[in-house]
Amino acid sequence: MVPLTKSLVVGAALSIVLAAINGAAPAQDKETVLKNRQATMKEQGSDLQNIKSYLDGKAELEKAKSSALNLTQTTKKIPELFPPGTAGRSPDGDYEAKPEIWIDWNKFLDAQKTAAAKADTLLVAVNSGDKTKIEPAFSDLGKNGCGGCHTTFREKIEK
Ligand code: HEC
């Protein structure tokens with residue numbers, strides 16, 4: 001019996017390796033990817049909101065600063081949130097990552113780098129505490145950074 005058991009184990013291990021080589025992420029892994037992706041995107045949304053609250057006089061500068069710092073980190077992390085084979089809708093299904101992301105990966109990376117650079121600019125502005133500097137940097141990141149990618153690579157799911 002031992003040799004048989006052993007060959008089953010080896011067989012199972014081998015099929016996992018082959019699945020990885022084929023780039024076909026096991027279903028459960030894809031679920032995890034989609035979950036992390038959505039969580040990070042939502043985190044970016046609330047970080048941006050915190051900065052807006054500061055502009056509106058409804059939050060402390062310290063909160064805006066830590067959110068801006070966080071945005072410089074999350075925007076840089078975006079490429080690893082989109083491994084190949086993970087097109088599809090986020091867990092509660094309001095948005096979908098379009099297949100164009102992987103068809104035109106370099107264009108996607110350009111959109112990500114643009115957003116990351118705008119987040120860096122926003123951090124400098126927020127650290128100054130000067131609202132006349134923060135406002136334009138905030139709009140630029142939201143509209144052209146986040147929005148620039150969403151317009152091309154994100155699909156709203158109609159319900
Ligand atoms: C390079 C592309 C790209 C950039 C840059 C980007 N996003 Fe996204 N975002 C996506 C894609 C694709 C989706 C759809 C997948 C999903 O919803 O998980 C998405 C989804 C979202 C969602 C919806 C999450 C959900 O499913 O409920 C929010 C909120 C969001 N992004 C916020 C932001 C904010 C804020 C920024 C800027 C600080 C940003 N994103 C930058 C590509 C991007």
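Here, the structure is the one placed above.
A. Main features of the packing of aromatic side chains. Throughout the structure, instances matching the rule amount to four aromatic pairs. Plain terms: the ring middles of F82 and W102 are 6.3 Å apart, the flat faces sit at 50 degrees to each other, and that makes the pair tilted. Taken together, the positions of F82 in the loop between α3 (61–77) and β1 (88–89) and W102 in helix α4 (residues 100–103) put the pair 20 residues apart, joining distant regions of the chain. The class of W102 is partly exposed, set by a relative accessible area of 22%. We classify F82 as buried; its relative accessible area is 7%. Joined through ring pairs, the aromatic side chains of F82, W102, W105, F108 and F153 make up one cluster.

B. How the structure looks around the site of the ligand. Around the ligand sit 23 residues, and of these M41, S90, C146, C149 and H150 come closest. At 3.5 Å, a side-chain N or O of Q44 approaches a nitrogen atom of the ligand. Cavity membership is defined here by more than half of the atoms lying within 2 Å of grid points; on that basis the ligand lies in the largest pocket. At the level of elements, α2 (27–55), β2 (95–97), α5 (105–128) and α6 (131–153) are the ones that each hand at least two residues to the shell around the ligand. Among the elements that take part in the shell around the ligand, α2 stands out by supplying seven residues, more than any other. Grouping the constituent residues of the shell around the ligand by class yields 12 nonpolar, seven polar and four charged.

C. How the structure looks around the coordination of the iron atom of the ligand. Here the iron atom of the ligand is held by the protein donor atoms M41 (SD) and H150 (NE2), which lie 2.1 to 2.4 Å from it. Of note is the iron atom of the ligand, whose six donor atoms meet at the metal with angles of 87 to 179 degrees in an arrangement that counts as octahedral. In this pair, M41 sits in helix α2 while H150 sits in helix α6, placing the two residues 109 residues apart along the sequence. By relative accessible area, M41 is classed as partly exposed at 27%. Looking at H150, the relative accessible area reads 25%, which means it is partly exposed.

D. Broad picture of α5. Given a rise of 1.5 Å per residue, 24 residues ought to cover 34 Å, and the 35 Å separating the end C-alpha atoms of α5 matches this to within 8%. For α5, every residue scored as buried is listed here: F108, L109, A111, Q112, A115, A116, K118, A119, L122, L123, A125 and V126. In the stretch just after α5, G129 is the one whose phi turns positive, near 75 degrees.

E. Quick look at the layout of surface pockets. Quantified by volume, the largest pocket comes out at close to 600 Å³. Taken together, 30 residues line the largest pocket, and the ones lying closest to its centre are M41, K42, Y95, H150 and R154. Tallied by class, the residues present in the lining of the largest pocket amount to 14 nonpolar, nine polar and seven charged.

F. The nonpolar core, seen in detail. One finds I51, L71, L122, V126, I134 and L141 to be the most contacted residues of the largest nonpolar core, which totals 17 residues. Every element with two or more residues in this core is listed here: α2, α3, α5 and α6. A per-element tally of this core places α5 first, with six residues. Dropping the residues within four chain positions of it, L71 is found in contact with Q44, D47, L48, I51, A119, L122 and L141.

Conventions we followed
- Residues numbered from 1 in each chain as written.
- Predicted model: local features only at pLDDT ≥ 70, side-chain atom pairs only at ≥ 80, totals over all residues.
- Heavy atoms only, no water.
- Phe/Tyr/Trp six-rings, centres within 6.5 Å; stacked < 30°, edge-to-face > 60°.
- Helix = DSSP H or I, 4+ residues; strand = E, 2+ residues; numbered from the N terminus.
- Buried < 20%, exposed > 50% of the residue type's maximum accessible area, 1.4 Å probe, protein only.
- Near = heavy atom within 4 Å.
- Polar contact = N/O pair within 3.5 Å; in protein donor to acceptor, adjacent residues only side chain to side chain.
- 1 Å grid on protein atoms, 1.4 Å probe; cavity = no way out; pocket = protein on both sides within 12 Å on 5 of 7 lines; lining within 4 Å.
- Sits in = over half its atoms within 2 Å of the grid points.
- Nonpolar A, V, L, I, M, F, W, Y, C, P; charged D, E, K, R; others polar.
- Donors = N, O, S within 2.8 Å, 3.2 Å for Na, K, Ca; no water.
- Tetrahedral: all angles 85-135°; square planar, octahedral: opposite > 155°, others 65-115°.
- Expected span 1.5 Å × (residues − 1).
- Points joined across faces, edges and corners; volume = space filled by probe spheres on them.
- Core = buried A, V, L, I, M, F, W, Y, C linked by side-chain atoms within 4.5 Å.
- Contact = heavy atoms within 4.5 Å.

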